[in-house]
Amino acid sequence: MTTFNASIATVEKGFRPWRPRGRLQVHATIAAASFVCYILGRLLEGGAAMAFSLIGVGACGWAWLVARALFDPAPRDARWARVVGLVLALSGALSVLAPAGGMVGRVADSLYTLSGSAALLLTFVEPFHRYTPDLPVGEKRFRFAFVTVYAGLVAVSVLGLRAVGDGPGEALRDDLVKSACALTGLVAVLVAVRFRLGHPLAARTARRAPTEDDARLAERLRRLLVEEAVDSRPELKIGDVAARLGEPEHRVSQCISTALGFANFNRWINHHRIARAKGMLAAPDERRSILEIAFACGFASLGPFNRAFRDEVGTTPRDYRATMRAGATAAG
């Protein structure tokens, strides 16, 4: 009976609708829907095109809010940012509905142009938010790629189409090019969100000084690594460690950031995993492949291992092994 009930619960969980959690996921979901509506509004005709355009005109605003969430780990948007996004979406929708040439239409167009231009410009600025020279290599490359892709899309969709004529063929070309840019932007948003979810930014908070309780808990955490090698478990989560120690998750998280000096649980665990991997890679008699070493150190696959290793060491595991073995050979 217990097995049957567990099976029913698993089935119900599988049919449970997905709900985006967190500021980044919410904005990304709405931005994706806006991009799709923008594309459909460009490619369709009649009432359907207008209906989709009412939502699609807010795409650049939602894309900007996604960019803010990508590079600012605050749990909520600033009020002024929400106001700009709302003005952009409402003025854009009003410009679609209002009769052409009328006073309402002209005011809506002006507001939409002003707020849209602000959103486009601010999106360029977001990748430089909290940028410091000591950022991990992977984070720097991600920000550079974001700016490069975004600049290319703006250049093609805005600047490159200024010379489009008034003929039906030119109008179709305009729609196709802008739809292609929107599709590229949609894919870029999804890729960027996936990267950020895998490489979260630590929220900037006032870090308190560690207490004696933090020091004792830190010693218990170190013993877990030394005596039980808990970091070798690929699916290890902070909740597992907290349960093992009989402590609340927030206490463990505070201890890691104060007494141990790491931004978060994943950084702490990966630091020790990479330290073990460096020893294996540097050993001249180590015959295991890089994938086997990744598994032995607690990584579930090669991709996360390579990214974590590069962020920690500044080079790939393969290059590190080659460098260390070349040095050992030269010394011998």
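Definitions and limits used
Residues numbered from 1 in each chain as written. Predicted model: local features only at pLDDT ≥ 70, side-chain atom pairs only at ≥ 80, totals over all residues. Heavy atoms only, no water. Helix = DSSP H or I, 4+ residues; strand = E, 2+ residues; numbered from the N terminus. Buried < 20%, exposed > 50% of the residue type's maximum accessible area, 1.4 Å probe, protein only. Contact = heavy atoms within 4.5 Å. Areas by Shrake-Rupley, 256 points an atom, 1.4 Å probe, with all protein chains shown as cover. Lys, Arg positive; Asp, Glu negative; His and termini not counted. Salt bridge = Lys/Arg side-chain N within 4 Å of Asp/Glu carboxyl O. Expected span 1.5 Å × (residues − 1). Arc of directions from axis to C-beta. Phe/Tyr/Trp six-rings, centres within 6.5 Å; stacked < 30°, edge-to-face > 60°. Lys NZ or Arg CZ within 6 Å of the ring centre and 35° of its normal.

A. Main features of the overall build of the protein chain. Secondary structure summary: the protein chain contains 15 helices and zero strands in total. Scored against the burial criterion, the 332 residues of the protein chain give a buried share of 34%. Residue pairs at least 24 apart in sequence account for 67% of intrachain contacts in the protein chain once pairs closer than 6 positions are excluded. By element, 63% of the accessible surface of the protein chain is carried by carbon and sulfur atoms, the whole surface being about 19300 Å².

B. Molecular detail of the side chain of Asp72. Mapped onto the secondary structure, Asp72 falls in the loop between α4 (59-71) and α5 (79-97). No salt bridge is formed by the buried Asp72; the nearest opposite charge belongs to Arg23, separated by 4.1 Å. With residues up to four places along the chain from it excluded, the contact list for Asp72 reads Arg23, His129 and Leu201.

C. Highlighting α5. Here α5 contains 19 residues, and its C-alpha end-to-end distance of 27 Å stays within 8% of the 27 Å for a straight helix at 1.5 Å per residue. Within α5, burial applies to Ala81, Gly85, Leu88, Ser91, Gly92, Ala93 and Ser95. Against α3 (46-56), α4 and α6 (103-125) lie the buried residues of α5.

D. Here's a closer look at helix α15 (residues 317-331). With 15 residues, α15 should reach 21 Å at 1.5 Å per residue; the first-to-last C-alpha distance of 21 Å fits that figure. Looking at α15, one finds that the buried residues are Pro317, Tyr320 and Arg321. Along the axis of α15, the buried positions cluster into a sector of 100 degrees, meaning they face one direction only. Exposed and oriented more than 90 degrees from the buried face of α15 are Arg318, Thr323, Thr329 and Ala330. If you follow the buried residues of α15, they end up packed against α12 (265-282), α13 (290-296) and α14 (302-313).

E. Local environment of the environment of Ala67. As for its placement among the helices and strands, Ala67 is situated in helix α4. The spatial distance from the C-alpha of Ala67 to the C-alpha of Val193 is 9.3 Å, given a sequence separation of 126 residues. With residues up to four places along the chain from it excluded, the contact list for Ala67 reads Thr123, Glu126 and Phe146.

F. Looking closely at the pattern of salt bridges. Within the structure shown, the criterion is met by 13 salt bridges. Residues Glu139 and Arg143 are paired through a salt bridge, measuring 2.7 Å at the closest nitrogen-oxygen approach. Of this pair, Glu139 and Arg143 both sit in helix α7 (residues 137-159), separated by four residues, roughly a single helical turn. Accessibility expressed as a relative area gives 6% for Glu139, which makes it buried. Salt bridges here are not isolated pairs; linked through shared partners, they connect Glu139, Arg143 and Arg196.

G. Main features of the packing of aromatic side chains. Within the structure shown, the criterion is met by ten aromatic pairs. On the basis of an interplanar angle of 45 degrees and a centroid distance of 5.7 Å, the ring pair of Trp64 and Trp80 is categorised as tilted. With Trp64 in helix α4 and Trp80 in helix α5, this pair connects stretches of sequence that are 16 residues apart. Ring-pair connections join several aromatic residues into one group, and the members of that group are Phe71, Phe124, Phe142, Phe146, Tyr150 and Phe195. Sitting over the ring of Phe299, Arg273 keeps its end group 5.4 Å from the ring centre.

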